[in-house]
Each structure stands twice: as structure tokens, then as C-alpha cells.
Amino acid sequence: MLIGKVVGTIVATQKDEKLDGLRFMVVRQMTVDGKDTNSYVVAVDAVGSGVGETVLYATGSSARQTTVTDKRPCDAVIMAIVDTWEVDGEVRYQKDGES
Amino acid sequence: MLIGKVVGTIVATQKDEKLDGLRFMVVRQMTVDGKDTNSYVVAVDAVGSGVGETVLYATGSSARQTTVTDKRPCDAVIMAIVDTWEVDGEVRYQKDGES
Amino acid sequence: MLIGKVVGTIVATQKDEKLDGLRFMVVRQMTVDGKDTNSYVVAVDAVGSGVGETVLYATGSSARQTTVTDKRPCDAVIMAIVDTWEVDGEVRYQKDGES
Amino acid sequence: MLIGKVVGTIVATQKDEKLDGLRFMVVRQMTVDGKDTNSYVVAVDAVGSGVGETVLYATGSSARQTTVTDKRPCDAVIMAIVDTWEVDGEVRYQKDGES
Amino acid sequence: MLIGKVVGTIVATQKDEKLDGLRFMVVRQMTVDGKDTNSYVVAVDAVGSGVGETVLYATGSSARQTTVTDKRPCDAVIMAIVDTWEVDGEVRYQKDGES
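Values in this document were obtained by computation on a predicted structure and should not be read as measured data.

Asker: Looking at this model, I keep getting lost on the relation of the copies chain D and chain E. Mind explaining?
Answerer: After a rotation of 72° and a shift along the axis of 0.0 Å, chain D superposes on chain E with an RMSD of 0.0 Å. When the rotation and shift are considered jointly, the pair of chain copies conforms to a five-fold rotation axis. Little of the interface of chain D is mirrored in chain E, where only 3% of its interface residues again form contacts.

In C-alpha cells form, the structure reads like this:
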């Protein structure tokens, strides 16, 4: 998995029928130190995440292992919302902003 | 998934028989800000997309989860045509051109 | 899939028994503009391709979806020989050389 | 697989239900010479590893082949703790520090 | 598949039980011209390869298609030992050294 920040959304009416009802989120990858990167992925939301939240996302076939993405043509899924994240003994992120 | 622009097509007569009837599109990857990149992929079209359109494409085994690509030797599929796409609170793309 | 040029071959006598009879081709990846890159992959041939030809290759689990590669420890397959390829309204490649 | 060092942990309460009880570790990728890189992955622990340990991790669908990760939306798993590691005839790492 | 040179080994006692008995080899990726790169992977040996040998390795789910790696949490496997390898009409490598 990678750590990302949800930065946007995509609307697509004309799509494979198995994708009906799924929410496409634009997720910017973050470094291990909590900095933004230029890499992004469009992921399906499986946990009720929203723009601005820090999340974990899985890619590849593992992205189809949630109930909402099972057997869908989907290669990235948000499967967790991050509460806290600690690296090298320091808290790098804590939900609600006190980093 | 990644955001791409359909920029071309490929014709291939001599191919694995499971690929008969599929349309191969050249898709240029776009950045989260809507800029072109040098990365591309050749993807099978599953949604009736055409050259010039902005699309979502899935790669890997997820590319075989549409009806047209099921069990085919295909590792990339166009599974949605983008209507609008918003990042950091700004609309970065809207179909029919008003960006 | 990606576009590649078959530039060589590999002979390997000592190999997993499921690979008996398969042909290993060295494929150089090409840019969307038809230029050579430094990236390559060793792919199994599933369409009778030869050195010098421009091909499409699929990677990952999709590489096992042809009859010759089914259930083999093979992560890349040549699944089509390119006839023509057009980008941004221009023919970038046409088999038999008139580009 | 790649060699990594466990450098941190992630807590996520709101997650896909299949992930309940799994431990998310932040793993920094190491070079073949034992140096840190800027690449990292968030992996599920399957072997009782802890912060500071040198481990092997597997990614993609292979990350779901341990008992704890079976059928979970998880694309990276720590599947071994490294005892020693030797490259070009030299021991590059030995558990408990004498490198 | 990619071409690599076996440059080392890894010993790991504490590991997922499905990995018992497997040999972990450090494999340095080689360029199409036979030069070393800085990329490496840790692969399970499926063909009796040893340090110093030039091999082919497969990654991803294809790495689980050999008898020794079936259903194991293993994402890279050495599935062939290279005898000769030819690119652009020139032999780039021949086992036993005469390049």
C-alpha cells in the first residue's frame, strides 16, 4: 500500500457497467515524510473517504478484494483512512491536523 | 486507474486469436493537472471511446474484468470516459472543452 | 500493452519444465513516436514474430492468457504484430517500412 | 521480493472490514548494498516483525498468499525477517548488527 | 522476464511457513547490452542456479507458476539459466564466458 491524500474527484457517466455506483477519487501519493509528490492515482473509494483526507490505497489485483470492487475493472482502491502514522520514532501525521 | 488522452490507434492483423475484434488505442498519460506526459500505454477500448477523448484506464489483471477483455491477453483497458475532473477545488477538465 | 521492436533472442536449456518449447525474444520498448528506448523485456512469442518486427506485448498475469503461455511462469508475451500505428493524425509506422 | 527496513507503523481505524487485526508497517526499501532509499511501501506484517528489523517483502497478488493476508485488499506483505545477506562474496548484513 | 546476474543470497529463518525450503537469491538486473544496473530483486530459485550465473527471472503472479513457488508469497522467480543471448545480430553473452 501507499500513503496518499485525496485531492479530487472524477465524474464519468459513460463507463463499463460494472463500475456503476463507484466513486472515483484522485489520490496524490505522499512520501514517507508526509510530503506531496507528483505521482497520483485514480482510486475507487471503499471506506467513505473524502477530499482532504490521508488514506492508504492498494493497487493491482488486491484492489479488487473489497466488497465494492470485487470483479470490477478497477486497479486501485482506498481501503483505509489513516489516523496516525509514525516513522523513525516521530509522529508524522495525526488526523485532525496536529502533526 | 490513470487519466489519459486517446491520441491514436494501432492496427494488427496477425495477433492472438482471443484478441479478434478488439480495438487498440494509444493512450497518453496525463498529469493530475491535465498536462501531457511522455508515458503512454496501448489499451483496449471497452466503452466506445475515440481519438481526442479524455479517459480512465486500468492496467494489470484488472484490465481483464470488462466483458470485452475477459480472459484475453490484454493488460490495459479504457473503462470510462471522463466528464469532469476536479483537483484542489478547481475543475481541471470538462468534456466539450471548457476547462 | 506497449509497442516494442524484437531485437534479439535468448537460448536457455536449463529452465522450468513448463517453459519447454517456448521462444524467448528480447523486445526493446519504443516511444509513442516510434523511437527506441533503453527499456527492454524478454517476452515469449505467441504470434510467430521474428527479429526486426514491431510488436505489441502484454505483461503481468495477462501474459499468461494466450494458449502457448497458459499457466507458465512467463510475465511478458508478444500477442500481436503491428501493421500500422497512427498518433496525432499521423502514421508513425507502417509494416514494410514506408513510415 | 525486495529488502527493506521497518521504520514505522500506521494506525487506521476506519478501514475495509477484511483488514481488521492486521498490522500496517512502513517499510523503507534498501539497495543491494544495504543503503536506505527514498522508496517505501506500507506492508502488512505476517511474521511478527518490528520497527528496526531488516525484512523481505513481497508485493502484488503474491502479498495475499500468507495466511493472514489471504483474500484481503493488501498489496504488500512482510514475509521474512532477514538473518544474513551476502552480495559479491561479502556479508552486507547480519542480524544483531555486526555488518 | 528480465535478464539478471545472481550476485548473492539471503538467509531468513523467521518466515512465512509456505517459504520453508526455498532459496532466496539476490539478482542484479542487467541491461540489454549486458551491463550491470543498480536495480535488483530477491528471487526464489526454481532451476538450480548459483551465484555468478546469468538468468531469466519472472515477477508478479507469474512467479508463482513454477512447482516450487506455487501458492507461495513469492513475487519473483528464477525460471531459466541463460546459455546465449543475442541482440542486434551480435552475441552479447555466452555461458562459460566467451562473450
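Asker: Hey, could you run me through the interface of chain A and chain B in this one?
Answerer: In many reports, interface size means the accessible area that the parts give up when they come together. Tallying the contact residues gives 30 residues for chain A and 28 residues for chain B. Interface of chain A and chain B: buried area, both sides summed, is about 2300 Å²; carbon and sulfur atoms make up 50% of it. Per-residue buried area on chain A facing chain B is highest for Gln-14, Tyr-40 and Asp-75 of chain A; these three make up 28% of the total on that side. Our count for the chain A to chain B interface comes out at one salt bridge. Across the pair Asp-88 of chain B and Arg-28 of chain A runs a salt bridge, and its minimum N-O distance is 4.0 Å. Between the two partners, chain A and chain B, sit 17 residue pairs in polar contact (both at pLDDT 80 or more). Of all elements in the fold, only strand E1 (2-11), strand E2 (24-30) and strand E3 (36-45) of chain A reach the threshold of two or more residues within the side of chain A that touches chain B. Residues belonging to the side of chain A that touches chain B are distributed by class as follows: 15 nonpolar, six polar and nine charged.

Asker: Would you explain the side chain of Asp-83 of chain D in this entry?
Answerer: Here Asp-83 of chain D lies in the loop between strand E5 (76-81) and strand E6 (84-87). Within the buried core, Asp-83 of chain D has no salt-bridge partner, and the shortest N-O distance to an opposite charge, that of Lys-95 of chain D, equals 4.7 Å. A distance of 2.2 Å separates the side chain of Asp-83 of chain D from the side chain of Thr-13 of chain E, its partner in a polar contact. Not counting residues within four places of it along the chain, the set of residues in contact with Asp-83 of chain D comprises Tyr-93, Gln-94 and Lys-95 of chain D together with Val-11, Ala-12 and Thr-13 of chain E.

Asker: Which parts of the structure should I look at to understand the interface of chain D and chain E?
Answerer: Across the contact, 29 residues belong to chain D and 30 residues belong to chain E. Taking both sides of the interface into account, the surface hidden between chain D and chain E amounts to around 2300 Å²; carbon and sulfur atoms contribute 50%. The interface formed by chain D and chain E holds one salt bridge in total. The interface formed by chain D and chain E contains 17 residue pairs in polar contact (both at pLDDT 80 or more).

Asker: Could you clarify how one ought to interpret the pattern of salt bridges in this entry?
Answerer: Should their charged atoms come close, side chains of opposite charge can pair. Summed over the entire model, instances satisfying the criterion amount to 30 salt bridges over all chains. For Arg-92 of chain C, the salt bridge is made with Asp-33 of chain C, and the minimal N-O distance between the two is 2.7 Å. A residue pair is termed long-range when its members are at least 10 positions apart, and Arg-92 of chain C in strand E7 (residues 90-94) and Asp-33 of chain C in the loop between strand E2 (24-30) and strand E3 (36-45) qualify at 59 residues. Assessed through its relative accessible area of 38%, Asp-33 of chain C is described here as partly exposed. Each of the salt bridges in this network shares a partner with another, and the network as a whole consists of Arg-28 of chain A together with Asp-33, Asp-88 and Arg-92 of chain B.

Asker: Looking at this structure, how should I read the relation of the copies chain A and chain B?
Answerer: These two copies of the chain differ by a rotation about an axis and a displacement along the same axis. It takes a turn of 72° to lay chain A on chain B, together with a shift of 0.0 Å along the axis; the resulting RMSD is 0.0 Å. The overlap is low: 3% of the interface residues of chain A also sit at the interface in chain B, so different surfaces are used on the two sides.

Asker: Which parts of the structure should I look at to understand the side chain of Asp-75 of chain B?
Answerer: Mapped onto the elements of the fold, Asp-75 of chain B is located in the loop between strand E4 (54-59) and strand E5 (76-81). Within the buried core, Asp-75 of chain B has no salt-bridge partner, and the shortest N-O distance to an opposite charge, that of Arg-64 of chain B, equals 8.5 Å. Within polar-contact distance, the side chain of Asp-75 of chain B engages the backbone nitrogen of Thr-59 of chain C at 2.8 Å. Ignoring sequence-local partners within four residues, the contact set of Asp-75 of chain B consists of Ala-58, Thr-59, Gly-60 and Ala-63 of chain B together with Met-1, Tyr-57, Ala-58, Thr-59 and Ser-62 of chain C.

What counts and how
- Residues numbered from 1 in each chain as written.
- Chains lettered and ligands numbered in written order.
- Predicted model: local features only at pLDDT ≥ 70, side-chain atom pairs only at ≥ 80, totals over all residues.
- Heavy atoms only, no water.
- Least-squares fit on C-alpha atoms with pLDDT ≥ 70 in both.
- Contact = heavy atoms within 4.5 Å.
- Buried area = accessible area lost by both parts, 1.4 Å probe.
- Salt bridge = Lys/Arg side-chain N within 4 Å of Asp/Glu carboxyl O.
- Polar contact = N/O pair within 3.5 Å; in protein donor to acceptor, adjacent residues only side chain to side chain.
- Helix = DSSP H or I, 4+ residues; strand = E, 2+ residues; numbered from the N terminus.
- Nonpolar A, V, L, I, M, F, W, Y, C, P; charged D, E, K, R; others polar.
- Buried < 20%, exposed > 50% of the residue type's maximum accessible area, 1.4 Å probe, protein only.
- Lys, Arg positive; Asp, Glu negative; His and termini not counted.

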